[in-house]
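# Summary of structural features
Each chain, written out:
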Amino acid sequence: MKFPKILSSVLALTLLFNISCRTESDEPIELPKGAYENGIFVLNEGNFGTPSASVTFLSNDLATIEQDVYKKNNGTDLGDVLQTLTYNGDNAYLVLNNSNKITVVNRYTFKKTGEITAQINQPRYITIANNFIYVTNDEYLGPKSVTIYKLSDLSFVKKIAFTDTAERIVEAGGTIFVQNATFGFGNTLTRINPATNEVAPVVTLPNGNINKTISNNSTVYTIAAGTTDSYIYQISAAGTITKTTTLTGISNATNLDIDGGKYYFSSGNKVYSMDMSATVTPTTPIVTATGGQYSALYGFNVINGKIYTSDANGFTADSKVTVYSTTGSVIKTFEAGRATNGFFQN
Amino acid sequence: MNLKHHFSSVLLCCISMSFAQEVAIDTVYIFDSQLKNSKKFQKISTLNEEDLLKNTANISDVLRFQSSVYIKENGRGAVSSPSFRGTTAQQTAFIWNGINVNSIFLGQGDINNLNLLGYDQLEVKSGGGSVIYGSGAIGGSIHMNNELAFNKGFNTTLFSEFGSFNTFNSFLKSSYSDEKLSVKVSGNFVKSDNDYDVPEKNYTNLNGEYDNRNFNLGAAYRINSKNTISWQTQIYNGVQHYPIFSESVTKTKYIADTFRSLVNWNFHTEKVQNIFRLAYLEDEFQYFSNINKAKSSGGSAKIYLAKNDFNYILNEKLAFNFIGEYQLNKGQGFQSGITNVERNAGSIAGLVRWNPSQKVNFEAGLKKDFVEAIETPVLYSFSGKVNVNNWYSLIFNASKNFRFPSFNDLYWQPGGNLDLKSETSLQADLGNRFQYKNFKLNVTPFYINIENMIRWLPNSGGIWSPSNINNVESYGLESQLDFVKDFGKNNAKFSLGYIYTNSKNVETNRFLSYVPKNKIFGNASYRYDFIEIYAQGMFNGLTFTSEDEKLGSALKSYFVMNAGLHIKILKHYQIGFKANNLFDQIYETTAYFPLPKRNYAANLLINF
């Protein structure tokens, strides 16, 4: 009676032996880490006050779209206002602003692996450096801070109180930069030394109000808007402004991204690009998005030669995502979740 | 109870036929005398104390189960707004004893910030009423009435109820009246932990507690056969916590304080009836984005109002009505950029009522509003009723209605838009009333077209700002079948309503969110001597929650049923039991906010 079982075990072993023999000469086969290994996470922040945040997955070839991958893999709602995410190792750290938590998931399977709630108060952005997690917290009319956690066990380490807004936070060349500006108000960046977690001297920009700060190739770039011109500042890890690009005649520049040696930025519904080394401001936008003035370019990122934008549809219906080539032709459009605000390559 | 019911219907008929309103005033004084005239032409459901006591949780529950209105409620007891005939909450007027009390900041009322038991009667009027009731009366109006009686002696009622989720609900009402004087005092109190679970939805109504209290003082004095002075005052205080979805979310709360006082001087002779009113209304709200901290926004509003309603009865066939109104609105915001704004507003309206024969009635009205710095349209209304035969009458209504922008629409900083125009609507309905023995059937198809609807959307800087952008077209059908029969010690009542609504944004040709296409509600009760049993049922069809008609996020249709009984145990005592949501239906009226599963309440009513 037991014979067939033994037989099948032998068979299995033989097969295993064969496989391992066969791969011996080749490079070791990499087993797929999960369904979301190759693609882009589309972040849908949801409507404030309801747990309607979600993540849409888009395959790299733009052919496959999977909605609400968090709920699908965990069986529960993700939360209320998904602001951003960052990666470290196999994990993705999702910042849920109005849920007051950082949800940690395996970036390949989107299964939840952990959560941070200690000292989290209306979190905005996140970055990781030197085995620490840094989160900006900014309560409306309330306290502002950067809270720091151990990457290894997510335990709370330290809180640095801020008097100004604490908005975007990036790491560049081993230094943390905190953008003390939001909604077009503020022109300073505070630095934190991750070796000591002490505040280092502040960087003050000469012109414009900061709209967005990003990190690229160990350097910080920030876009600041003035009333007639806007500016892109390049800041070294040491906190020195190493280059200023004046966007002459472009007021209220908001989004900024860097891809393939080019700046991509937006003003109103228009998207422009220019070489990072150029000094002449482009006059013709590559994309002019249609739709509600503000919500037409609610989400904006440039990834591997493609411009990803979202129209949040006035926040009363699902967002419409449009992917453009760098010359402005539409490659794909599709619907994501409520209030799509960002695109992250996985 | 029932006798009283019939008596008042008979009375109403008398009034309709002859304009002889003094008859009614001698018996029960209701502050909103215009409502009686409207009853002839528009569909008005009257919900008296016995109806209200069948849904004691809040006004949302009463309207959901006993009227045609769709109620969007953010969890039991939380923010709740009505929608009539496919319109919005701002297009519904809340009328307190004849006066429009929509918030001058929001332009709408929050149903759950009104104490249900603070009113003797609720009336629900479908269709436009801006000529008489002013801004916001586009889709319909909800009338909250207090009444005063003469010649009734001393009466006191105590009601006390305890229900699931630690809900306590009570009122004490005491009145005295003789030939000359009528005084009524009442106090109401509601409190609930409201911490219900809906495990299937993985939902617990965290931070859902609420409590509110209300105090009313009413008095009327008959100076002589021609003059009566009356006064109605209400003080309300409510604390509402807003539900959150997990323990880590910051808890919020909302405090509302209201003070309303109204003086009426009623003069009437055979030919003339004049009602002069002075009112002072105060509304204060405070929002706490963090329950443990100081308020994060708020506002206080003051309204001074004078209104004169002059009715000249030429003869049995013809009457003229002139209404003049002036009000001063003052608003002061907190953290909203609104600092001491003021607005003068006034209106004049004229109505002609013509009854060429007993079988035919007409009413035509014209109104012009004067609102400081805002353009307002000339409003009109026309109604006609023909009693075709003893079992059928046909009614036609057409009107132009409007809503002027609220203080938030105009002055909220940043975002407020001083260039806003008033929303306007054109509408018509055709009522068919059938009566056969103990049955009454009302079938009213309607059509509404709304222009310049004010909508808040983010502008280029990401700041939410209102503008006149939407046009909405809505049509549908309201119908209701009623049956009442008495035989011996038995009394049976039954009513069934069906509402079909097709409401679309004209630009996008998509259905409006939170307007179900189909709603059915039914109420049945049977009384034998000292015991009464009753049941309520409500079916709500698929309801979109987004502007893209997305099925995935639409509310699924649901059927909810409640049942209860009450027993008179002694002459003055009645005890009652009720089970809500008998079939444990899992349902939402606002996405993400499920309402409670089966729950219970027990109550005691003492009349002495």
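How each quantity is defined
Residues numbered from 1 in each chain as written. Chains lettered and ligands numbered in written order. Predicted model: local features only at pLDDT ≥ 70, side-chain atom pairs only at ≥ 80, totals over all residues. Heavy atoms only, no water. Helix = DSSP H or I, 4+ residues; strand = E, 2+ residues; numbered from the N terminus. Rg over C-alpha atoms; globule rule 2.2 N^0.38 Å. Buried < 20%, exposed > 50% of the residue type's maximum accessible area, 1.4 Å probe, protein only. Areas by Shrake-Rupley, 256 points an atom, 1.4 Å probe, with all protein chains shown as cover. Lys, Arg positive; Asp, Glu negative; His and termini not counted. Charge placed at Lys NZ, Arg CZ, Asp CG, Glu CD. Contact = heavy atoms within 4.5 Å. Buried area = accessible area lost by both parts, 1.4 Å probe. Salt bridge = Lys/Arg side-chain N within 4 Å of Asp/Glu carboxyl O. Polar contact = N/O pair within 3.5 Å; in protein donor to acceptor, adjacent residues only side chain to side chain. UniProt positions renumbered as here; feature names shortened; annotations may be inferred. Pairing = 2+ DSSP bridges. Axes fitted to C-alpha atoms, helices over the stretch in contact; angles between N-to-C directions. Phe/Tyr/Trp six-rings, centres within 6.5 Å; stacked < 30°, edge-to-face > 60°. Lys NZ or Arg CZ within 6 Å of the ring centre and 35° of its normal. Core = buried A, V, L, I, M, F, W, Y, C linked by side-chain atoms within 4.5 Å. Patch = residues over 30% accessible without salt bridge, like charges linked within 9 Å, V, L, I, M, F, W, Y side chains within 5 Å.

## Topic: the overall build of chain B
Counting its secondary structure elements, chain B contains seven helices and 34 strands. On C-alpha atoms alone, chain B measures out to a radius of gyration of 23 Å, which is about the 25 Å that the 2.2 N^0.38 rule sets for 608 residues. Once the C-alpha set of chain B is aligned to its principal axes, its extents read approximately 65 × 60 × 45 Å. Per-residue burial over chain B gives 57% buried out of 608 residues.

## Looking at the overall build of chain A
Scanning chain A from terminus to terminus reveals two helices and 28 strands. Against the compact-globule benchmark of 20 Å for 346 residues, chain A has a radius of gyration of 22 Å, which places it among compact chains. The proportion of buried residues among the 346 residues of chain A is 54%. Carbon and sulfur atoms form 52% of the exposed surface of chain A, whose accessible area is close to 15,100 Å². Averaged over its 25 positive side-chain charges, chain A has a centre that lies 3 Å from the centre of its 27 negative ones.

## Structural notes on the interface of chain B and chain A
Listed as interface residues are 24 residues of chain B and, on the opposing side, 24 residues of chain A. Across the interface of chain B and chain A, roughly 2,000 Å² is buried in total on both sides, 53% from carbon and sulfur atoms. On inspection of chain B and its partner chain A, the count reaches two salt bridges. Put simply, A:Asp318 and B:Lys550 hold a salt bridge, and the shortest N to O gap is 2.4 Å. Between chain B and chain A we count eight residue pairs in polar contact (both at pLDDT 80 or more) in total. At three residues, strand β26 (residues 439-458) of chain B tops the list of elements feeding residues into the side of chain B that touches chain A.

## A short note on the side chain of B:Asn502
Residue and element names in this part refer to chain B. Topologically, Asn-502 is positioned in strand β28 (residues 490-505). Judged by relative accessible area, Asn-502 falls into the buried class, the value being 8%. Here Tyr-500 takes part through its side chain, which lies 3.4 Å from a polar atom of the side chain of Asn-502. When neighbours within four sequence positions are excluded, Asn-502 is seen to be in contact with Glu-473, Ser-474, Tyr-475, Phe-511 and Lys-517.

## Re the UniProt feature "domain: TonB-dependent receptor plug" (unreviewed entry) in chain B
UniProt records the feature "domain: TonB-dependent receptor plug" (unreviewed entry) at residues 42-140 of chain B, using the numbering of this structure. End C-alpha atoms of residues 42-140 of chain B are separated by 10 Å, and the span's content is 16% helix alongside 27% strand.

## With respect to the sheet that holds strand β24 (residues 299-303) of chain A
All names here are of chain A. Overall, antiparallel pairing links the four strands, which are arranged β24-β25-β26-β27 in an open sheet. Two strands close off the open sheet at either side, each with one partner strand: β24 and β27 (330-338). In this sheet, adjacent strand axes meet at a mean angle of 20° when their direction is disregarded. Relative to β27, strand β26 (residues 318-325) is paired through six bridges, and the arrangement is antiparallel. What sits directly across from Val-323, in β27, is Lys-332.

## With respect to unusual backbone geometry
Of the consecutive residues B:Gln413 and B:Pro414, the connecting peptide bond is found in the cis state with omega at -5°. With phi around 65°, A:Phe315 is a residue other than glycine that occupies positive phi space. With a relative accessible area of 10%, A:Phe315 lands in the buried category.

## Topic: the packing of aromatic side chains
Residue and element names in this part refer to chain B. The tally for this structure, following the rule as stated, stands at 40 aromatic pairs over all chains. A centroid spacing of 6.4 Å and a plane angle of 20° characterise the contact between Trp-391 and Phe-434, whose relative ring orientation is stacked. Placement of the pair is Trp-391 in the loop between β23 (378-389) and β24 (392-403) and Phe-434 in strand β25 (residues 423-436), with a sequence separation of 43 residues. By relative accessible area, which is 44% here, Trp-391 ends up partly exposed. Take Phe-434: its relative accessible area is 30%, and that puts it in the partly exposed class. Here the aromatic rings of Phe-407 and Tyr-411 are separated by 5.6 Å at their centres, their planes lie at 70°, and the arrangement is edge-to-face. With a gap of four residues between them, Phe-407 and Tyr-411 both fall in helix α7 (residues 407-411), about one helical turn apart. Classification of Phe-407 by relative accessible area gives buried; the value is 0%. Accessibility expressed as a relative area gives 22% for Tyr-411, which makes it partly exposed. By way of ring pairs, the aromatic residues Phe-105, Tyr-242, Tyr-254, Phe-285, Tyr-287, Phe-407 and Tyr-411 are connected into one cluster. In this structure, Lys-504 is placed above the aromatic ring of Phe-511, and the distance from its NZ or CZ to the ring centre is 4.8 Å.

## A look at the nonpolar core
Residue and element names in this part refer to chain B. By size, the foremost hydrophobic cluster in this structure holds 46 residues, and its most contacted members are Ile-59, Leu-122 and Met-144. Of all the elements in the fold, those that place two or more residues in this core are α5 (59-66), β5 (92-96), β7 (121-126), β8 (140-145), β16 (227-242), β17 (252-268), β18 (272-288) and β19 (297-313). Discounting chain neighbours no more than four positions away, the residues touching Met-144 are Phe-94, Ile-95, Trp-96, Asn-97, Val-101, Leu-114, Tyr-119, Gln-121 and Leu-122. Residues Ile-44, Val-131, Ile-132 and Phe-404 belong to the second largest nonpolar core, which totals 18 residues.

## Describing the sheet that holds β7(B)
Residue and element names in this part refer to chain B. Pairing is mixed in the open sheet, where five strands are placed in the order β2-β7-β8-β5-β6. Only two strands of the sheet have a single neighbouring strand rather than two, namely β2 (44-48) and β6 (99-100). Bridging between β7 and β8 involves six bridges; their strand directions are antiparallel. The residue bridging Glu-123 from the neighbouring strand is His-143, located in β8.

## A look at α5(B)
Residues and elements named next belong to chain B. Counting buried residues in α5 gives eight out of eight residues, a clear majority hidden from the surface. The set of residues buried in α5 consists of Ile-59, Ser-60, Asp-61, Val-62, Leu-63, Arg-64, Phe-65 and Gln-66. The opening residue of α5, the one whose side-chain oxygen lies 3.2 Å from the backbone nitrogen of Ser-60, is Asn-58.

## Quick look at helix α3 (residues 34-41) of chain B
Summarising burial for α3(B): seven of the eight residues are buried, a large majority. Inspection of α3(B) places B:Gln34, B:Leu35, B:Lys36, B:Asn37, B:Ser38, B:Lys40 and B:Phe41 among the buried residues, and these make up the whole buried set.

## Details of the side chain of B:Ser67
All names here are of chain B. Checked against the element boundaries, Ser-67 lands in the loop between α5 and β3 (70-73). The exposure class assigned to Ser-67 is buried, which follows from its relative accessible area of 0%. Within the structure, the side chain of Ser-67 is placed 2.8 Å from the backbone oxygen of Leu-63, a separation counted as a polar contact. Among the polar contacts made by the side chain of Ser-67, one reaches the main-chain amide nitrogen of Val-69 at a distance of 3.2 Å.

## With respect to the environment of A:Ile235
Residues and elements named next belong to chain A. Residue placement: Ile-235 occurs in strand β18 (residues 230-235). According to the relative accessible area criterion, Ile-235 is buried, its value standing at 0%. C-alpha separation for the pair Ile-235 and Pro-201, spaced 34 residues apart in sequence, amounts to 13 Å. Discounting chain neighbours no more than four positions away, the residues touching Ile-235 are Phe-177, Leu-189, Val-203, Leu-205, Thr-219, Val-220, Thr-222, Thr-240, Ile-241 and Thr-242.

## Concerning the pairing of strand β21 (residues 262-267) of chain A
All names here are of chain A. For β21, a buried count of five out of six residues is recorded, marking the element as mostly surrounded by other parts of the structure. Of the strand pairs in this sheet, strand β20 (residues 253-259) and β21 are connected by five bridges, and their pairing is antiparallel. Each residue of the ladder has a partner; that of Asp-257, found in β21, is Tyr-264. Hairpin connection of β20 to β21: two residues between the antiparallel strands, including Gly-260 at a positive phi of 55°. Alignment of β21 against strand β22 (residues 270-275), held across six bridges, turns out to be antiparallel. The residue bridging Tyr-263 from the neighbouring strand is Met-274, located in β22.

## Things to note about a nonpolar patch on the surface
Residue and element names in this part refer to chain B. Taken together, the side chains of Phe-154, Tyr-176, Leu-181, Tyr-221, Ile-223, Ile-229, Trp-231, Val-263, Trp-265, Phe-276 and Leu-278 present a nonpolar region at the surface, about 980 Å² in accessible area. For the nonpolar patch, the elements supplying multiple residues, two or more each, are β16, β17 and β18. Secondary-structure assignment places Leu-278 in strand β18. You can call Leu-278 partly exposed: its relative accessible area is 44%.

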